[in-house]
Amino acid sequence: MSADASDLSLVRRVQRGDKGAFDALVLKYQHKLVKLVMRYVRNPAEAEDIAQEAFIKAYRALPQFRGDSAFYTWLYRIAINTAKNAVVSRDRSPVEYDLDRSNTDESYDMQGRMKDSETPEGLVLTDEIRSTVNAAIDSLPEDLRTAIVLRELEGLSYEEIAAAMACPVGTVRSRIFRAREAIDRRLREVFEGGLGRAEELG
Amino acid sequence: MNEELDSQLSAMFDNELPAAECELLARRLSRDPDIKARWGRYAVIGAVIRAERGIALEGIVAGRVSAALSSEPALSVDALQPAGRRLQYRWWQPIAGAGLAAGVAAVSILWLRSQALPDGSQAVAPALVARTAALAAPAAQALRNAIAPAPDSFVVPPVSSQRTTMVVPATELADYVVAHSAFSWPVSRGNLLSALMVSEPGTSSTPARSDQPASGVQGNAIQNPK
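Residues numbered from 1 in each chain as written. Chains lettered and ligands numbered in written order. Predicted model: local features only at pLDDT ≥ 70, side-chain atom pairs only at ≥ 80, totals over all residues.

A.B. asks: What am I meant to see in the overall build of chain B here?
C.D. replies: When helices and strands are counted, chain B shows nine helices and zero strands. When the helices and strands of chain B are placed in sequence order, the string is α-α-α-α-α-α-α-α-α. Put simply, chain B has 226 residues, and 22% of those count as buried. For chain B, long-range pairs separated by at least 24 residues make up 58% of all intrachain contacts whose partners lie at least 6 apart in sequence. (Helix = DSSP H or I, 4+ residues; strand = E, 2+ residues; numbered from the N terminus. Buried ≥ 20, exposed ≤ 12 C-beta atoms within 10 Å, placed from the backbone. Contact = placed C-beta atoms within 7 Å.)

Here is the structure:
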């Protein structure tokens with residue numbers, strides 16, 4: 001079994017014209033990519049912009065992706081290059097607004113930087129998501145919690161987790177799935193509630 | 001969604017689903033908004049477990065990318081063609097490279113052979129050519145004589161006209177062989193010249209043989225050329 005089979009199957013669909021498959025890839029890797037870009041830029045909003053640009057570049061370059069490397073490895077390189085270029089172009093950009101910055105320091109930080117993720121609603125929603133997931137993980141049975149943490153935090157494969165937990169690979173797959181389902185049941189309520197609040201605010 | 005499908009989705013998210021099952025599930029994932037939403041929440045769960053602070057968890061980037069790409073044309077087989085052409089080109093690259101290398105090697109060998117050899121060989125080469133030509137000249141003359149009506153001193157067996165044109169080379173051919181003997185391999189040069197000068201006294205260590213008849217040819221050796 002290829003370690004990248006699922007990503008590759010989605011990539012092949014995108015290459016055949018299925019944009020929805022690319023949405024799945026973005027959903028899967030958006031957090032990792034933003035975190036990666038934040039090594040180069042501190043501002044989360046700027047990191048999101050760069051990650052967005054990297055995804056768009058990746059989409060346009062997908063016809064050239066042959067699957068010699070894992071999709072995320074390929075995407076990782078695009079994101080790194082995009083972040084480096086963004087940092088260089090930002091450093092070269094004129095700074096005429098600096099003259100006014102001392103007078104409007106607070107407004108400068110907010111000007112043009114306020115993204116959805118930094119709005120009060122967005123921040124509240126993110127905190128709510130985080131607390132909900134953490135609470136759900138705490139309430140998991142020990143074997144489920146261990147399995148999902150080994151997978152997501154340590155990045156172990158099912159086979160490695162099976163060896164660590166002294167159980168068959170099929171059991172690992174089942175435990176991780178059940179852990180996700182238990183967390184997702186709570187998380188779905190938050191997302192639906194959050195979207196409802198956003199609509200009310202809009 | 002049934003539990004088996006959910007389990008497959010979870011395994012696919014971890015890149016732990018067999019490729020054959022991935023194909024089918026990828027199609028559903030790309031089309032079913034509920035499955036896609038669940039897939040996105042799996043990613044959020046992982047981000048929270050990894051304590052990825054400062055990152056918007058509600059999927060801001062995904063929404064923006066999807067909106068930005070909505071105006072982009074979908075990729076198609078046509079879009080894949082450049083990659084295919086490049087792949088084909090890559091396939092030919094080693095063969096083209098080998099052909100080019102062989103050509104360069106051939107030109108180099110010919111050029112080196114035409115150049116002077118070290119240690120005074122440059123002076124030797126023309127002398128060698130002249131000597132070879134001098135040795136071969138009688139043979140060429142003998143061949144010319146063989147074509148012409150034979151003088152009394154020669155024993156020319158009767159041969160058919162067809163055989164004559166096949167066995168006895170034309171004068172131009174003999175001249176060509178002699179003139180290019182300097183550029184041919186020693187073995188083949190020796191063979192050619194010995195064939196031409198098979199009965200030339202002093203040019204062969206073995207006596208001329210008259211026992212090599214071909215069918216219809218009897219005693220084709222030139223016994224006493226002048």
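So much for the structure itself; the text now carries on.
A.B. asks: What exactly am I supposed to notice about the overall build of chain A here?
C.D. replies: Counting its regular elements, chain A contains ten helices and zero strands. When the helices and strands of chain A are placed in sequence order, the string is α-α-α-α-α-α-α-α-α-α. Looking at chain A residue by residue over its 202 residues, the buried ones come to 36%.

A.B. asks: Sorry, what's going on with unusual backbone geometry here?
C.D. replies: Excluding glycine, residues mostly have negative phi values, and the peptide bonds linking residues are mostly trans. All names here are of chain A. Residue Ala166 is not a glycine yet carries a positive backbone phi of 55 degrees. For Ala166, the location among the structural elements is in the loop between helix H9 (158-165) and helix H10 (169-201). What makes Ala166 exposed here is the crowd of 7 C-beta atoms within 10 Å.

A.B. asks: Would you explain the nonpolar core in this entry?
C.D. replies: Here is a general trend for soluble globular proteins: nonpolar side chains tend to be buried in one another's company. Residue and element names in this part refer to chain A. Of all hydrophobic cores here, the largest spans 70 residues; its most connected members are Val26, Val37 and Ala51. Take this core: its biggest share by element is ten residues, from helix H2 (residues 19-37). Once residues lying within four places of it in the same chain are set aside, the contact partners of Val37 are Ala47, Ile50, Ala51, Ala79 and Ala83. (Core = buried A, V, L, I, M, F, W, Y, C linked by C-beta atoms within 7 Å.)

A.B. asks: I keep staring at the interface of chain B and chain A and nothing clicks. Help me out?
C.D. replies: When the parts of a complex come together, some accessible area is lost, and that lost area is often used as the size of the interface. Taken together, the contacts link 56 residues of chain B with 67 residues of chain A. Of all the secondary structure elements, the ones that give two or more residues to the side of chain B that touches chain A are helix H1 (3-13), helix H2 (19-31), helix H3 (33-49), helix H4 (60-69) and helix H5 (77-114) of chain B. Sorting elements by how many residues they give to the side of chain B that touches chain A places H3(B) first, with 13 residues.

A.B. asks: Can you walk me through the confidence of the model for chain B in this structure?
C.D. replies: Low-pLDDT portions of the prediction should not be read for the details of their coordinates. All names here are of chain B. In the predicted model, chain B carries a mean pLDDT of 67, and the fraction of residues at 70 or more is 41%. Mean pLDDT per element in chain B: helix H7 (residues 161-167) is the minimum at 51, and H3 is the maximum at 93. Of the regions scoring below 50 in pLDDT, residues 120-125 engages in five contacts with residues more than four places distant in sequence or in other chains. Per-residue pLDDT stays below 50 along residues 199-226; that stretch engages in 39 contacts with residues further than four places along the chain or on separate chains. Interface scoring of the predicted complex returns ipTM 0.83; its pTM is 0.59. (pLDDT = per-residue confidence, 0-100.)

A.B. asks: Explanation requested: H4(B) in the structure shown.
C.D. replies: Spacing of three or four residues puts side chains on the same side of an α-helix, whose turn is 3.6 residues. If you check which residues of H4(B) are buried, you get Ile60(B), Val61(B), Ala62(B), Arg64(B) and Val65(B). Buried residues in H4(B) make contact with H2 and helix H3 (44-61) of chain A together with H3 of chain B.

A.B. asks: Would you mind showing me how to read the packing of helix H7 (residues 120-138) of chain A against H3(B) here?
C.D. replies: Between H7(A) and H3(B), the least distance of the axes is 10 Å, while the angle of their chain directions is 80 degrees. The angle between H7(A) and H3(B) falls in the class roughly perpendicular. Residues Ile129(A), Arg130(A), Val133(A), Asn134(A) and Ile137(A) of H7(A) touch H3(B), and the partners they reach there are Val44(B), Ile45(B), Val48(B) and Ile49(B). Considered class by class, the residues forming the contact of H7(A) with H3(B) number seven nonpolar, one polar and one charged. (Axes fitted to C-alpha atoms, helices over the stretch in contact; angles between N-to-C directions. Parallel < 35°, antiparallel > 145°, perpendicular 65-115°, else oblique. Nonpolar A, V, L, I, M, F, W, Y, C, P; charged D, E, K, R; others polar.)

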